[in-house]
Amino acid sequence: MSHSPLLEVQDLVTEFETDEGVVRALDGVSFSIGEGQTLGLVGESGCGKSVTALSIMGLLPRPAGRIVAGSILFNNQRLNTLPTRSMETIRGQSIGMVFQEPMTALNPVHTIGRQLTESLRLHTNLNDQARIQAAVSMLDRVGIPAPDIRMTEYPHQLSGGMRQRVVIAMALICQPKLLIADEPTTALDVTIQAQILDLIKDLQNEMGMAVIMITHDLGVIAETCESMVVMYAGRVAERGSVKQIFGSPMHPYTQGLLSSIPKLDGIPKSRLPVIEGIVPSLFDLPTGCRFNNRCARAITLCRESVPALRERQADQIIACHLWDEPS
Amino acid sequence: MGRTIVKPLLEISHLSMHFPVKSGLLRRSTLVNRAVNDVDLSIYPGETLGLVGESGCGKTTLGRCIARLYQPTQGQIHYQGVDLASLNQRALLPYRRDIQMIFQDPMESLNSRHTVKEILEEPLIIHGMASAQARDTEVKRLLDLVGLPARSATRFPFEFSGGQRQRIGIARAIALKPKLIVCDEPVSALDVSIQSQILNLLLDLQSEFGLAYLFIAHDLAVVKHISDRIAIMYLGQVVETASSETIYQNPRHPYTQSLISASPVPDPTTTRQRVILKGDVPSPIDPPKGCHFHPRCPACFAPCADHPPPLEPIHGSEDHLARCHMVNAPGAAEDTAIIAQALGEAN
C-alpha cells in the first residue's frame with residue numbers, strides 16, 4: 001500500500017456524557033481502509049463498533065457524544081474538525097451509510113421516491129426529471145422489481161428485504177467512495193441476507209467504492225471482507241487480513257470468539273469452548289487489558305498495564321502482552 | 001439409535017393453527033393466516049428436535065401450540081395417551097409441568113417486578129410444593145444448576161446481563177422437572193461469546209435429566225450443533241426432516257439446500273457457489289398454489305405449480321422425509337444430483 005488510504009482513523013477517543021458520568025466508548029481506535037477495499041469491524045455489544053461508524057459520519061448524538069482525541073482522515077481531509085456544513089456535503093455524497101433496521105432508517109410518511117431523490121437534491125445540480133430518472137435506475141440496480149411504481153409507494157408497503165434494498169439505494173445514489181454498513185443484514189432472514197450481501201458486493205465491484213462492514217457475525221466477515229478489526233470494550237484487540245486472523249488468531253479474545261461459534265461441519269452435541277464471564281460494562285472496566293478478567297492466560301502484567309498494538313507481520317497486529325510468549 | 005422401538009414422547013398429527021385476519025371497518029375476518037398447516041412431527045424422549053425456518057414460517061406458532069399457549073385449530077398432540085390439543089385449561093394443568101418453555105428475550109419473559117426467588121417459586125407453588133422451606137432449598141438448587149450464585153435469589157431481573165437472565169429463564173423451565181422444553185430462539189438475542197455458554201448449559205441439563213428439547217431457531221449452524229434431528233419449515237409446513245448430520249450432508253429439498261448454501265461460513269478459505277433464492281418469502285395468508293416453494297425454487301418443473309407434494313420418505317427411508325416432487329420422481333434422481341451439484345459446496 002504505497003498510496004495513502006481512503007480513510008484513516010487514528011487513536012480515536014469518543015466519550016459520552018451520561019447521568020452516571022462520562023463513558024469512554026472508544027479508547028484509541030486506529031485502522032485504515034484503501035479505495036475499493038472491504039473492512040470488517042467485529043465485536044460484541046458495547047465494543048464500540050457502531051460508535052466508530054457514528055464518529056466517522058459525524059452523527060454522534062449531541063451534545064452527549066463527542067470525539068475528545070484522535071483524527072479521522074478521509075481523502076486526506078480531517079473529518080472530525082470539519083464544520084457542520086462541510087460535513088454535510090461529505091455525508092451522503094462521499095460517504096454513504098446503511099443502518100441495521102431499515103424501517104427506522106426510512107421516513108414512514110414520505111414516499112420511496114422522495115427519500116431517494118433527497119440526497120440528489122442536496123448534492124447535485126440535477127433537475128427534477130433527471131433526479132427521478134436516476135432514482136428509478138438506482139432502484140432497478142438494487143434489484144427492486146417495477147421500480148417506477150415503487151417510487152410512489154411508502155416504506156410500509158415493502159418487505160424487510162426490499163426496504164433494506166431501498167436503504168442501500170439511498171446510500172449509494174450519489175456514488176460514494178465509502179459505504180459504511182452497520183449490521184446491514186442482522187434483521188433479515190438468511191436467504192435474504194445472502195441476497196443483500198451479494199448485492200453490496202456487486203455494486204462495490206461496479207462502482208469501486210470501499211465498504212466498512214460492521215457486524216457481530218464472523219461468517220459475514222469471512223465471506224465479504226479482506227481485512228478486519230476485532231474490537232473489545234472500546235479498543236482494538238486485533239486487526240489484519242481476514243485470512244491471517246481466521247487462520248491463526250493471536251489475541252485470546254479472537255481465539256475464543258472463533259472457537260465458540262457452532263459450525264455447520266462441527267461435531268454435533270459436543271460442548272463448545274467458551275469465553276467465561278460477561279462483556280464488561282463501560283462503567284466498570286478492568287484496569288490494564290480490558291479482557292483480563294475473562295482471559296485464561298492473564299498474568300499480573302495484564303491487570304497493570306494496557307497492552308500496545310504490536311505487529312506480528314504486515315497483516316496482523318495484536319494488542320496482547322502474551323501473544324508471542326509460549327503458553 | 002433404534003428409534004423404531006422407542007415410542008415417541010410426543011406425537012403431533014395434522015396440526016394446524018389458523019389465525020383470522022381482521023380487516024375493514026367492521027373488523028370482519030375476511031382472510032385466514034395459515035401459520036401452521038397440517039404438520040406431522042414426533043419428538044422422542046431425551047432427543048433434541050431442531051426446528052428451522054425463516055420469519056413467518058410458523059416455527060414459533062408450532063412451538064406455542066405444543067406448549068399449549070395456543071389452542072390449535074385442527075389436529076392432535078398425543079402425549080402419554082392423551083390428546084393435549086383437545087384438553088381445556090383445567091384438564092391441561094397436570095401436563096403443563098411436563099412441557100415447559102424458554103423464550104427468546106429473557107427480559108420480556110421474566111416479570112420485572114418479581115425477584116428471582118419469586119419467579120422460580122411460582123411454578124412450584126402452582127404445582128403444589130407447599131412448604132416454604134422446601135421451596136427455598138429448591139430455588140438454591142435450581143440456581144446452582146444453571147450456574148448462578150445463590151445470592152441471585154433476592155435480586156431482580158434487570159440486575160442481570162442478557163446471558164444471566166436466560167439462565168433464570170432456563171431455571172424456571174426446569175423447576176418442575178419437565179420431560180420436554182420448547183426452546184424458542186433461546187440464544188439469538190445473546191452475544192456470540194454468551195451463546196456458547198447457554199448452548200453448553202442446555203446440553204449439560206439434557207444429559208443430566210434426559211430432557212427432550214424442541215429447539216426453534218433460524219441459525220442453521222446453532223440448530224445443527226445442538227440437535228439430533230432437524231425439521232425444516234417453510235410457509236407453515238414441514239418440508240424436510242432427517243438427522244442433523246443428514247440434513248447437512250445430504251439435504252434433498254431445494255429449500256433446505258439453499259438455506260445451507262446461504263448460511264455464512266466463518267472460514268475465509270472455503271470457496272463455494274452460493275445459490276441465491278430469488279424473491280421474498282410469500283405471505284402465509286395467500287400461499288402459492290401447488291408446492292408453496294415453487295415460485296422461488298431453482299428446480300421447479302411443471303407439476304410443482306399445480307399439485308402440492310406430500311411429505312414422503314426418500315427412497316423408502318422413514319428417517320428422511322421431504323415434501324418435494326423431485327426427490328422420488330422417476331428420472332428425478334439425476335436432476336436432483338445436478339441441482340445438488342449446482343447448489344453444493346466446492347469442498
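Our structure's up above, just so we're on the same page.
Reading the values: rules and limits
- Per chain, the residues get numbers from 1 upward, laid out in the order the sequence is written.
- Think of it this way: whatever chain is written first is A, whatever ligand is written first is 1, and the rest follow in order.
- With pLDDT at 70 or above as the cut-off, local features in this predicted model cover only qualifying residues; side-chain atom pairs require 80 or more to be listed or tallied, and sums for whole chains, interfaces and linings still use all residues.
- The side-chain quantities take in all heavy atoms of the structure and omit both hydrogens and water.
- By definition, two strands form a pair when at least two bridges between them are found by DSSP.
- To qualify as a helix, a DSSP run of H or I must reach at least 4 residues; to qualify as a strand, a run of E must reach at least 2; elements of each kind are numbered from the N terminus.
- The criterion used for residue contact is that any of the two residues' heavy atoms lie within 4.5 Å.
- Axes, fitted as lines to C-alpha atoms, cover a helix only where it is in contact. Angles between the N-to-C directions of the axes lie from 0 to 180 degrees.
- A simple way to read buried area is as the amount of 1.4 Å-probe accessible surface that goes missing from two parts once joined, with both sides added.
- Each reported salt bridge corresponds to a side-chain nitrogen of Lys or Arg within 4 Å of a carboxyl oxygen of Asp or Glu.
- Using protein atoms alone on a 1 Å grid, points that fit a 1.4 Å probe yet trap it form a cavity, whereas open point sets bounded by protein on both sides within 12 Å along at least five of seven lines form a pocket; residues with an atom within 4 Å of a point count as lining.
- Grid points are joined across faces, edges and corners, and a volume is the space filled by probe spheres set on the points.
- Between 65 and 115 degrees an angle is taken as roughly perpendicular, under 35 as roughly parallel, over 145 as roughly antiparallel, and anywhere else as oblique.
- Note on convention: near helix rotated counterclockwise from far helix by under a right angle means a left-handed crossing. Clockwise means right-handed.
- For this classification, the nonpolar set comprises Ala, Val, Leu, Ile, Met, Phe, Trp, Tyr, Cys and Pro, the charged set comprises Asp, Glu, Lys and Arg, and every other residue, Gly included, is treated as polar.

Residue and element names in this part refer to chain B. Ordered in space as β2-β1-β4-β5, the four strands form an open sheet in which the pairing is antiparallel. Looking at which strands have only one partner, the edges of the open sheet turn out to be β2 (28-43) and β5 (82-83). Sitting on the sheet, helix α1 (residues 59-66) is in contact with β1 (10-23), β2 and β4 (74-79), with an inclination near 115 degrees to β1.

Attention now goes to the interface of chain A and chain B. Taken together, the contact pairs 44 residues of chain A with 44 residues of chain B. Taken over both partners, the interface formed by chain A and chain B buries close to 3,800 Å², and the fraction arising from carbon and sulfur atoms is 58%. At the boundary of chain A and chain B, one finds two salt bridges. D204 of chain B is paired through a salt bridge with R271 of chain A; the nearest N and O atoms lie 2.4 Å apart.

On to the sheet that holds strand β11 (residues 312-314) of chain B. All names here are of chain B. Read from one edge to the other, the open sheet built from eight strands follows the order β6-β7-β8-β3-β9-β10-β12-β11, with strand pairing classed as mixed. Strands at the two margins of the open sheet, each flanked by one partner only, are β6 (99-102) and β11. Taken over all neighbouring pairs, the strand axes of this sheet differ in orientation by 30 degrees on average, direction set aside. Of the pairings in the sheet, the one linking strand β10 (residues 237-243) to strand β12 (residues 317-322) comprises two bridges and is antiparallel in character. Each residue of the ladder has a partner; that of E240, found in β12, is A322. In this fold helix α6 (residues 162-174) packs onto β6 and β7 (180-184), with an angle of close to 175 degrees to the strand it touches most, β6.

Attention now goes to the layout of surface pockets. Residues and elements named next belong to chain A. Volume-wise, the second largest pocket comes out at about 600 Å³. Residue lining of the second largest pocket: 20 residues in total, with R91, G92, S119, H123 and M170 positioned closest to the centre. Contributions of two or more residues to the lining of the second largest pocket are made by α2 (84-90), β6 (95-98), α4 (112-123) and α7 (160-172).

In this section: the packing of helix α4 (residues 116-126) of chain B against α6 of chain B. Residues and elements named next belong to chain B. Here α4 crosses α6 at 25 degrees, and the two axes come no closer than 8 Å. Of the possible angle classes, the one that applies to α4 and α6 is roughly parallel. Where α4 crosses over α6, the two elements pack in a sense that is right-handed. When α4 is examined against α6, the residues V116, I119, L120 and P123 are found in contact with a partner set consisting of I168, A171 and R172. Residues of the contact of α4 with α6, tallied by class, amount to six nonpolar, no polar and one charged.

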